[in-house]
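The chain contents come next:
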Amino acid sequence: MFSNLIKFTEKITMVFRFKIIDKKDINTIIPLVRKLTSNANSENVLKERFAAMVEENYECAGVFDNEKLIGVCGMWFQTRHYAGKSMEVDHVYIEEAYQGKGLGKEFFKWLYDYAKSKGCNTSELNTYVQNYPSHKFYYNEGYEIYGYHFFKTL
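What counts and what doesn't
Residues numbered from 1 in each chain as written. Predicted model: local features only at pLDDT ≥ 70, side-chain atom pairs only at ≥ 80, totals over all residues. Heavy atoms only, no water. Helix = DSSP H or I, 4+ residues; strand = E, 2+ residues; numbered from the N terminus. Expected span 1.5 Å × (residues − 1). Buried < 20%, exposed > 50% of the residue type's maximum accessible area, 1.4 Å probe, protein only. Arc of directions from axis to C-beta. Polar contact = N/O pair within 3.5 Å; in protein donor to acceptor, adjacent residues only side chain to side chain. Salt bridge = Lys/Arg side-chain N within 4 Å of Asp/Glu carboxyl O.

(A) Quick look at helix α4 (residues 103-117). Counted at 1.5 Å a residue, the expected span for α4 with its 15 residues is 21 Å, and the 21 Å between its end C-alpha atoms agrees. Of the positions making up α4, those classed as buried are L103, G104, F107, F108, W110, L111, Y114 and A115. Relative to the axis of α4, the buried residues are bounded by an arc of 160° and lie together on one face.

(B) Seen up close, the side chain of E141. Relative to the helices and strands, E141 is located in the segment after α5 (132-140). A polar contact is formed between the side chain of E141 and the side chain of Y112, at a distance of 2.8 Å.

(C) Seen up close, unusual backbone geometry. We note that N39 has phi near 55°; this positive angle belongs to a residue other than glycine. Topologically, N39 is positioned in the loop between α2 (30-36) and α3 (43-53). For N66, which is not glycine, the phi dihedral falls at a positive 60°. Structurally, N66 is set in the loop between β3 (58-65) and β4 (68-80).

(D) Examining the environment of K68 more closely. In this structure, K68 sits in strand β4. Note on K68: relative accessible area 49%, which makes it partly exposed. Note: C-alpha distance between K68 and R17 (51 residues apart in sequence) is 9.8 Å.

(E) Here's a closer look at the pattern of salt bridges. Counted under the stated rule, the structure contains nine salt bridges. As a salt-bridge pair, D25 and K24 come within 3.3 Å of each other at their nearest N and O atoms. On the basis of relative accessible area, D25 is assigned to the partly exposed category, the value being 31%. With relative accessibility at 66%, the residue K24 sits in the exposed group. Residues E88 and R80 are paired through a salt bridge, measuring 2.7 Å at the closest nitrogen-oxygen approach. In the salt-bridge network here, residues are joined through shared partners; they are R80, E88 and E124.

As structure tokens, then:
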């Protein structure tokens, strides 16, 4: 009965809690995103971009150790002609001290359940070519390579 109350709002596992980060709190993810990207963008640029993203089909989930945010995963929701309704995961990051302990696998189980609750039947993602540890993780999660992601600055 209790698990139905928290359904996809949040889930508590061991000492970790997974939940959707409220739009008004989106800037709390910036320190972790900056770690993930080696500070490629300033805090101000990220604040501006995340403010726009939360008004689009974007949501962000967090992993909490008690009240401390230790992991994030952005999610874009869309319907694709080749896949149907899909969740695209984006900027996945878990603090280094928590990596390699199965937390990512638990987080992704929660993310898949959340996506299914929103009517999604597929999940997709992009990962940087040089991010080898993520490749192994995503292969183990059952992701397959379907193409290449191209990028051009205009």
